[in-house]
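Geometric and topological summary
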Amino acid sequence: MSEAKRTPLYEEHVALGARMVDFAGWDMPVQYAGIIEEHKAVRERVGIFDVSHMAEFRFFGFEAKDALQRIVANDLGKIDELGTAVYTVMCDADGGIIDDLIVYHTGDLEYLIIANASNRETDWDWITSHLPEQGVEAADESDRTALIAIQGSLALRVVGELAGEDWEPPARFSIAEAVLDTIPALVARTGYTGEDGVEVLCHASQAAALWRALLSFPEVTPCGLGARDTLRLEMGYALYGSDMDRGVDPVSAGLGWTLGLSKGEFIGREAIVRIKETGPQSKLVGITVSEGVPRHGYSVLHEGTEVGKVASGTYSPTLEHGIATAYVPVSLASPGTELQIAIRRKTVAAVVTRPPFVKTTSLNASAS
Amino acid sequence: MYPKDLKYDREHEWVKVEGDTAILGISHFAQDQLGEVVYVDLPSVGDSLSAGESFGEIESVKSVSELFAPVTGEIIEVNDGLGDAPETVNEDPYGEGWMVKVTMSDASELDALMDADSYEAFIAEEA
């Protein structure tokens, strides 16, 4: 193992007393004051997250759109309008999920992809090896790019204070340039918490200044990866490595809605269409338990027989009980199906629940 | 952080001795390492404990830990309040966050436990 990597905000985390853990080879804050406290800060006010470990790739040129259309599964025709963005998976020829990504249309001939930190090398090698020899310039900008997520009902107000009077927030799933407290940035109205908010990209050298500017607002709480995980799971958002990997296809993973099957050929399309026609063997479902905390790898049982394993599991700070996801046979995937989860010494009652587990957030409430 | 009148074991439980009764809980260090406690799974009154063996579980958002008995004996009282307010373990680990009261069957087991100074030295090494 090489030394854990550090984001440009490492010193800020240490100064704030964060508990640091290894995450995908990065030394990252898992919590500052406490996961539940940070979780509630995001649901009730606004929290900021350092997600600079994530990968940023740029693609530029006349062939960029067509080339990426063949690589990702969603239809980039949906983001022809400059400044729009789309969530997508990227699959291999068997339909196995290599990663999930957001593709942003950042310039006339330019696309920005934000990918999972753990998949940076895999994604880069895969994408660049499938680009045409000419017509697309590719750049891995991850090392010089910082990414700060600002999430919660007060997020836009805080960003607005830093951006100045004339600033208009980008529409949901859109991205726009802005100057935040003298720092040039790209502000994307995206996130992973279920709350309204933005994810802001800036140069690594200016990340600490932006972080401090955000923390100068008393309503802003620094949040670690622990709260990021509980927040995303309450919304049923899939996490690469837990809810999906190369061994599962997007149909089984419940990501059929992200597939641009009518756009024409893309890698994995044939396999995915076949799976859609025959129907998947198992499906990723949401599960609610009444007691205990289900965790990754615990057995999911039906009438005493193991039918799957917990993919993601946690305690929901909002609902105050355990929630999970698991792949179960399609016959047991309907909401309301009664299952059990083996939580170490105990077997507890579990029920299939259609995500999101938490139904009402500032995202449902906001107009755009 | 580590009251002088308590004894501590290497699994981060504390023991308060009152005659032949021992009150058990987890230390400040343990609750801090766990983070916000969301479940405490304790045995019932009448159950017996064996020194060094697991007698329950304590769970936070991120992790789960077993509770190990520092002494042998029979449980005479359980802190049922932790069922509804598990966060008490974080807020007051040596007071309202106590877990069980035990009638000790072998008080000499206490000799194997650490006093506050030794325990602080022990966790300084662990951290």
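Not measured: the values here are computed from a predicted model.

Conventions used here
Each chain has its residues counted from 1, running along the sequence as written. Naming scheme: in the order in which they are written, chains are lettered from A and ligands are numbered from 1. Owing to the predicted nature of the model, reporting of local features is limited to residues with pLDDT of at least 70; listing and counting of side-chain atom pairs is limited to 80 or more, with chain, interface and lining totals taken over all residues. In computing side-chain values, all of the structure's heavy atoms are included and hydrogens and water are not. Put simply, DSSP H or I for four residues or longer makes a helix, DSSP E for two residues or longer makes a strand, and each gets a number counted from the N terminus. All radius of gyration figures rest on C-alpha atoms, and the globule criterion is 2.2 Å times the number of residues raised to 0.38. With a 1.4 Å probe rolled over the protein chains alone, any residue whose accessible area is under 20% of its type maximum counts as buried; one over 50% counts as exposed, and the rest are partly exposed. Contact criterion: two residues are considered in contact whenever any of their non-hydrogen atoms come within 4.5 Å of each other. Shrake-Rupley sampling with a 1.4 Å probe provides the accessible areas, and residues are treated as covered by the protein chains on show and by no other component. One requirement defines pairing of two strands: DSSP has to find at least two bridges between them. Throughout, an axis means a line fitted to C-alpha atoms (over the contacting stretch in the case of helices), and angles, computed between N-to-C directions, take values from 0 to 180 degrees.

Regarding the overall build of chain A
- A count of helices and strands for chain A gives 9 helices and 19 strands.
- Here chain A has a C-alpha radius of gyration of 20 Å; the compact-globule value for 368 residues is 21 Å, and the two agree.
- The principal-axis extent of the C-alpha atoms belonging to chain A is close to 60 × 50 × 45 Å.
- A buried classification covers 58% of the 368 residues belonging to chain A.

Some points on the overall build of chain B
- Broken down by element type, chain B carries 4 helices and 9 strands.
- Scanning chain B from its N terminus toward the C terminus, one meets helices and strands in the order β-β-β-α-β-β-β-β-β-α-α-β-α.
- At 13 Å, chain B has a C-alpha radius of gyration in line with the 14 Å of a compact globule built from 127 residues.
- Counting all 127 residues of chain B, 49% fall into the buried class.
- A fraction of 63% describes how many contacts in chain B between residues 6 or more apart in sequence connect residues 24 or more apart.
- Within the structure as shown, chain B displays about 5,900 Å² of accessible surface, and the carbon and sulfur contribution to it stands at 44%.

A look at the sheet that holds strand β5 (residues 85–91) of chain A
Residue and element names in this part refer to chain A.
- What the 5 strands build is an open sheet, ordered β5-β6-β7-β4-β8; its pairing is antiparallel. This sheet does not close on itself; its edge strands, each paired only once, are β5 and β8 (137–140). The sheet shows a mean angle of 25 degrees between the axes of neighbouring strands, direction not considered.
- Relative to strand β6 (residues 97–107), β5 runs antiparallel, the two being bridged by 7 bridges. The residue of β6 that forms the bridge with M90 is D99.
- Along the sheet, helix α3 (residues 64–71) makes contact with β4 (55–60), β5 and β7 (110–115), crossing β7 at roughly 30 degrees.

Looking at the sheet that holds strand β6 (residues 54–60) of chain B
Residues and elements named next belong to chain B.
- Across the sheet, 3 strands lie side by side as β4-β6-β7; this open sheet has antiparallel pairing. The outermost strands of the open sheet, each flanked by one partner alone, are β4 (37–41) and β7 (64–68). Strand-to-strand twist of the sheet, defined as the mean angle between neighbouring strand axes without regard to direction, takes the value 20 degrees.
- When β4 meets β6, the two strands line up antiparallel, connected through 4 bridges. Counterpart to V37 in the pairing with β6 is S60.

Note that every value here comes from positions in space, so none of it alone points to a role or purpose.
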